[in-house]
Amino acid sequence: MTASTTKLREIYKQQGFLSALPVLKETELIEAKHAFSELEKELGEEYTQYSLHNVHLQYPWVRGLTKHPQITQVVKAILGPDVILLDSRFICKYPTLKPDIQKNEEGEIKPGLPYVAWHQDMRYWGIAGGPVLSVWLALDDSLQENGALQVIPGSHCAGMLPHRQATRPGNMLSVNQEIPEQLVQADEAVFCPLLAGQMSIHDGLLVHASDPNTSQRRRCGFVIRYVSTCAYPIQDPDRPRKFAAAVLACGTDLFNHFSNNTT
């Protein structure tokens, strides 16, 4: 491990996230965006907004992103050399309304625009024996105005927080949950802006969210979840997620906790 990756690991351990890490070269970004645009044409934006789930099993170019050396280098610095790719999903926030009708008379964002409520990823993952690390790889610039990721630094140290059904319409989380606002130190939130081709990573217990896209620019990212091979799925009725798309991302799997972890 180099001095730079050692420092990244130390920051990640303390803060629970890293941001604006370079991944894709210009040619790689152009190729990825073109391939995604073909899926948009084929499937439609309503589908590609949130339903491109675990397509790393279907498209070699997506699988290539999950094994990109700029990603796996950082992931291995955090999780160790032997890593399982647990899950992946494209998440797109498309421009939904014209600028003059996105806010009400009080200047507040109109309800119902797609957003992601404050939550922890581990609330949905029945995993023990090791942490879950999430990568957000930006295909578009991800800025405050088009709904960039927000995190509460250090919140991963507090353990699992209670979640409830979200009361505000438009939540993109598939189970429509949120952490109650009184438990979120929102005044400590920081944005994680990314340029297209950069990534952020965060711990599965980090509290995070994102606001609606109030711009006229798409915000598309590829989310990839990784765990160490020593982690294992558990039977938890509150966290019933299955891991049918788990594959070995790098290194060697001596545990075989995930039945699909072929190379």
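Above this text is the structure in question.
On a predicted model such as this, the values are computed, not experimentally measured, just so you know.

A. Expanded view of the pattern of salt bridges. Taken as a whole and assessed by the stated rule, the structure comprises seven salt bridges. With a shortest N-O distance of 3.2 Å, Asp141 and Arg217 are connected by a salt bridge. Note that Asp141 is positioned in the loop between strand S5 (132–138) and strand S6 (149–151) and Arg217 in the loop between strand S11 (208–210) and strand S12 (219–228), a separation of 76 residues in sequence. For Arg217, a relative accessible area of 43% puts it in the partly exposed group. Through salt bridges with shared partners, one network takes in Lys33, Glu40, Asp140 and Arg218.

B. Looking closely at helix H2 (residues 26–43). The terminal C-alpha atoms of H2, which comprises 18 residues, lie 26 Å apart, in line with the 26 Å expected from a rise of 1.5 Å per residue. At its buried positions, H2 is contacted by helix H3 (45–48), helix H4 (60–66), strand S2 (83–93), S5 and S12. In the stretch just after H2, Gly44 is the one whose phi turns positive, near 90 degrees.

C. Representation of the sheet that holds strand S10 (residues 198–203) in the model. Sheet architecture is open: six strands sit in the order S1-S10-S5-S12-S2-S14, paired in antiparallel fashion. Every interior strand has two partners, whereas the edge strands, strand S1 (17–22) and strand S14 (247–250), have only one. Averaged over neighbouring strand pairs, the angle between their axes works out to 35 degrees when direction is ignored. Pairing of S1 with S10 involves four bridges; the strand directions are antiparallel. Residue pairing in the sheet places Phe17 in a bridge with His202 of S10.

D. Up close: the nonpolar core. Core analysis: the biggest nonpolar cluster contains 37 residues, and Val135 and Tyr226 have the highest contact counts within it. Sort the elements by how many residues they give to this core and helix H5 (residues 69–79) lands first, with five residues. Discounting chain neighbours no more than four positions away, the residues touching Val135 are Ile71, Val75, Met199, Ser200, Ile201, Phe222, Val223, Ile224 and Tyr226.

E. Structural detail: the sheet that holds S6. Across the sheet, four strands lie side by side as S3-S11-S6-S9; this open sheet has antiparallel pairing. Edge positions in the open sheet fall to strand S3 (116–119) and strand S9 (190–191), since each of these has one partner strand only. Bridge count between S6 and S11: three bridges; the pairing is antiparallel. Within S11, the residue paired with Gln150 across the bridge is Ala209.

What counts as what
Note on numbering: residues in each chain are counted from 1, in written sequence order. This being a predicted model, a pLDDT of at least 70 is required before a residue's local features are given, and a value of 80 or more before pairs of side-chain atoms are given or counted; all residues contribute to the totals for chains, interfaces and linings. Hydrogen atoms and water are omitted, and side-chain values are computed over all heavy atoms in the structure. The salt bridge criterion pairs a side-chain nitrogen of Lys or Arg with a carboxyl oxygen of Asp or Glu, the two atoms within 4 Å. Under the scheme used here, helices are H or I runs from DSSP no shorter than 4 residues and strands are E runs no shorter than 2 residues, and both carry numbers assigned from the N terminus. Here the term buried applies to any residue with accessible area under 20% of the maximum for its type, exposed to any over 50%, and partly exposed to those in between, with areas from a 1.4 Å probe on protein chains only. Helix span, as expected, comes to 1.5 Å for every residue beyond the first. Should any heavy atoms of two residues lie within 4.5 Å, those residues are counted as being in contact. By the convention used here, strands pair only if DSSP detects at least 2 bridges between them. Axis definition: a line fitted to C-alpha atoms, over the contacting stretch in the case of helices. Angles run 0 to 180 degrees between N-to-C directions. Definition of nonpolar core: a set of buried residues of the types Ala, Val, Leu, Ile, Met, Phe, Trp, Tyr and Cys, connected through side-chain atoms within 4.5 Å.

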